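Descriptive structure summary
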Amino acid sequence: QVQLVESGGGLVQAGGSLRLSCAASGSILSINTMRWYRQAPGKQRELVASITSGSSTNYAISVKGRFTVSRDNAKNTVDLQMNNLKPEDTAVYYCNADIRPYPRDYYSNYWGQGTQVTVSS
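These notes cover the structure that comes with them. Being a predicted model, the structure only gives us computed values, none of them experimental.

With that settled, consider the layout of surface pockets. The computed volume of the largest pocket comes to approximately 170 Å³. Considering the residues around the largest pocket, the lining is formed by 13 residues, among which Arg38, Ala40, Lys43, Glu46 and Glu88 are closest to the centre. Looking at the lining of the largest pocket residue by residue, the classes come out as 3 nonpolar, 4 polar and 6 charged.

The next point concerns the packing of aromatic side chains. Taken as a whole and judged by the stated rule, the model has 2 aromatic pairs. Relative to Trp111, the ring of Tyr94 has its centre 6.3 Å away and its plane inclined at 85°; by these criteria the two rings are edge-to-face. Taken together, the residues Tyr94 in strand β9 (residues 91–101) and Trp111 in strand β10 (residues 108–111) connect sequence positions 17 residues apart. A relative accessible area of 14% means that Tyr94 is categorised as buried. Residue Trp111 is classed as partly exposed on the basis of its relative accessible area of 38%. The structure contains a cluster of three or more aromatic residues connected by ring pairs, namely Tyr37, Tyr94 and Trp111. Over the aromatic face of Tyr94 sits the side chain of Arg45, whose NZ or CZ is 3.8 Å from the ring centroid. The ring of Trp111 is capped by Arg45, whose NZ or CZ atom sits 4.7 Å from the centre of that ring.

Along the sequence, Tyr94 and Ser27 sit 67 residues apart, while their C-alpha atoms lie 21 Å from each other. Setting aside chain neighbours within four positions, we find Tyr94 in contact with Glu6, Arg35, Trp36, Tyr37, Gln39, Arg45, Trp111, Gly112, Gln113 and Gly114.

The amide bond that connects Tyr102 to the next residue, Pro103, takes the cis arrangement and shows omega of 0°. Looking at the element boundaries, Pro103 is found in the loop between β9 and β10. Phi is positive for Asn76, which is not a glycine, with a value near 55°. Here Asn76 is to be found in the loop between β7 (67–72) and β8 (77–82). By relative accessible area, Asn76 is classed as partly exposed at 22%. Positioned with a positive phi, Asn84 is a non-glycine residue whose angle comes to about 50°. Here Asn84 lies in the loop between β8 and β9. Under the relative-accessibility criterion, Asn84 is labelled partly exposed at 42%.

What follows deals with the sheet that holds β8. The strand order across the open sheet formed by 4 strands is β1-β3-β8-β7, and the pairing between neighbours is antiparallel. At either margin of the open sheet sits one strand with a lone partner, and together these are β1 (3–7) and β7. Sheet twist, expressed as the average angle between the axes of neighbouring strands with direction ignored, equals 15°. Two strands pair when backbone bridges link them, and β7 and β8 are joined in this way by 6 bridges, in the antiparallel orientation. Counterpart to Val69 in the pairing with β8 is Leu80.

Calculation rules
Residues numbered from 1 in each chain as written. Predicted model: local features only at pLDDT ≥ 70, side-chain atom pairs only at ≥ 80, totals over all residues. Heavy atoms only, no water. 1 Å grid on protein atoms, 1.4 Å probe; cavity = no way out; pocket = protein on both sides within 12 Å on 5 of 7 lines; lining within 4 Å. Points joined across faces, edges and corners; volume = space filled by probe spheres on them. Nonpolar A, V, L, I, M, F, W, Y, C, P; charged D, E, K, R; others polar. Phe/Tyr/Trp six-rings, centres within 6.5 Å; stacked < 30°, edge-to-face > 60°. Helix = DSSP H or I, 4+ residues; strand = E, 2+ residues; numbered from the N terminus. Buried < 20%, exposed > 50% of the residue type's maximum accessible area, 1.4 Å probe, protein only. Lys NZ or Arg CZ within 6 Å of the ring centre and 35° of its normal. Contact = heavy atoms within 4.5 Å. Pairing = 2+ DSSP bridges. Axes fitted to C-alpha atoms, helices over the stretch in contact; angles between N-to-C directions.

Geometric descriptors of this kind do not, in isolation, establish any biological role.
Set out below in structure tokens:
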């Protein structure tokens, strides 16, 4: 059973920093793209950042220059370093990944349970 577990959320003042981590566990053959999404109250879930297995990255315009996504392929983890946080960054942040679990020969998409990030003004 493949699982994604996030950690690192919390309450921070505007201008502060937080680092989110996500670990994939289970019988995993390989992981392709890993992503961070967020969902604020009353809003649709949006893609924040993504990173491929070759470490190519993409960011939402709203976080570019403030957030950095990274991964450790050996540990099956992905991190999101969030700097200069703003109240509008307040949301539940979700880890998402395309994973090939043993013994399948195709990738499936998995979600973590989410972690709350609250930025006070």
